[in-house]
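# Summary of the model geometry
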Amino acid sequence: MKYPVDSAEAGRARKKGAWVRAWLVVNSAGEAEVVEAGKHAIMQRTGLPGRDLRMLDPALSYPSTVLGRERAIVVNLENIRSIITSREMIFQNSKDPLLTPFVDKIQQVFRHRQAVVSSQESGEEGNKKPVWTDFYGSKEPDPMGDGGDQIYTYQQKKEEWNAEETGENVHDLKILPFEFVALEACLQATCSSLDDEATRLEQEAHPALDKLTSKISTLNLDRVRHIKSRLVAITGRVQKVRDELEHLLDDDEDMAEMYLTEKLEEEEALENSSTKEQDMVDEEADQANFETKMGLDDADEQQAPSMQSSSIKSLDVEELEMILEAYFVQIEGTLNKLSALREYVDDTEDYINIMLDDKQNHLLQMGVVLTTATLVVGAFVALTGVFGMNIGIELFDPKLYGMPEWLWTVGGSIIASVFCYVIAVAWCRYQRLLE
């Protein structure tokens, strides 16, 4: 199904090279359709500027961002790039295989929410008690009872527990606006995906690090290097999501911009009040004209009421703040898990470096011992070289000396060499060059 685009818009799109793209639209009832529209048509439909739409382009790399605008919320979290309005979610990368499971789950969430809203509007809830339904569609019985098909978020669950403590009616809880349900689904999918990825990395890292500590080899070092690279990458991604949530929690104005349904209701209320005031002014003007015609000229009674400018009330962001705080705590826990794993990797690296330094020290000590032995043997070889020269020495005269003297000479030289070696090693130990 194609989104209606006028010919002028299509002409401008062709001139500027902004070809029509396929957008996946999921409405509040959980129905999905593929809409073909240009960039300007989406800008008119959502009220977003062009720079915000560039964040949704899968070919461009943007950090994790959640932006609140006048009529929409722009979500760029990992693989989820979407535009959230007060009635629908719009995805650009509709054919992304990583996005398909999320779209299926979000449709289930919207269908459950629509069923709850319809049942509340028709008064068919009765005495049914709510059931906790998480984002992935699994149902668990509520601790306060059973029955019902109501979907609750973290913030609503907390309100339910508080209502139980104060004795309030849990069935009077407020259903979250559509944009908050969609935003929470995006946050939950992102945080859960990052946490699962961190858990898998942790499960792979500990055995690899233990193998490395037990045996230092090229294979184990290469495996740990890959794990460390993945750890750095996922830590950066988690840090970006955590910083974005912290930025939103610190800025109430940004959170107030995300109350799309409430802003839309206020605009409609202002339009209705303006229409009523205009009707009252017209009626009073007609009444004044009638009284003038009847000769009832009273200046005091002809004063028209002045139009009072209605100021937009400040939005209470506590509802959205509780949702963001819940996922901020979750992403903070994931970041702490990765930080602990990073410390474990660093400790393992320090341990490996200590082991390598110890081995290097042993090699150096062995080098000292071998060098000393070489020096002593060299002195003995020099002595034998002197005796091997063709010079006149009385020791070589067979008439004066024989084999016993030769053996005493050779044995004495060997004993002297060994004695020198022992003295040298003892001196090295005294100087703490050897252990």
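Quick note: structure is the one above.
Quick summary incoming for the structure in this document. Every value quoted in this text rests on a predicted model; they were computed, and no experiment measured them.

Within strand β5 (residues 80-84), five of the five residues are buried, which leaves it mostly tucked inside the rest of the structure. With five bridges connecting them, strand β4 (residues 73-77) and β5 associate as antiparallel partners. Pairing of isoleucine 73 across the sheet is with isoleucine 84, part of β5. From the end of β4 to the start of β5, which pair antiparallel, there are two residues, and glutamate 78 there has a positive phi angle of about 55°. Pairing of β5 with strand β6 (residues 88-91) involves three bridges; the strand directions are antiparallel. The partner of isoleucine 83 across the bridge, within β6, is isoleucine 90. Here β5 folds back onto β6, and the loop between the two strands holds three residues.

What follows covers the sheet that holds strand β2 (residues 32-37). Taken in spatial order, the six strands make up an open sheet running β2-β1-β6-β5-β4-β3, and their pairing is antiparallel. The two strands at the open ends of the sheet, each matched to only one other strand, are β2 and β3 (65-68). Within this sheet the neighbouring strands show an average axis-to-axis angle of 20°, counted without direction. Relative to β2, strand β1 (residues 21-27) runs antiparallel, the two sharing six bridges. If you follow valine 26 over to β2, its bridge partner there is alanine 32. Relative to β2, helix α2 (residues 39-46) is tilted by about 125°, and along the sheet it contacts β1, β2, β5 and β6. Packing against the sheet, helix α6 (residues 178-214) makes contact with β1, β3, β4, β5 and β6, and its axis sits at approximately 175° to β5.

Calculation criteria
- Residues numbered from 1 in each chain as written.
- Predicted model: local features only at pLDDT ≥ 70, side-chain atom pairs only at ≥ 80, totals over all residues.
- Heavy atoms only, no water.
- Buried < 20%, exposed > 50% of the residue type's maximum accessible area, 1.4 Å probe, protein only.
- Helix = DSSP H or I, 4+ residues; strand = E, 2+ residues; numbered from the N terminus.
- Pairing = 2+ DSSP bridges.
- Axes fitted to C-alpha atoms, helices over the stretch in contact; angles between N-to-C directions.
- Contact = heavy atoms within 4.5 Å.

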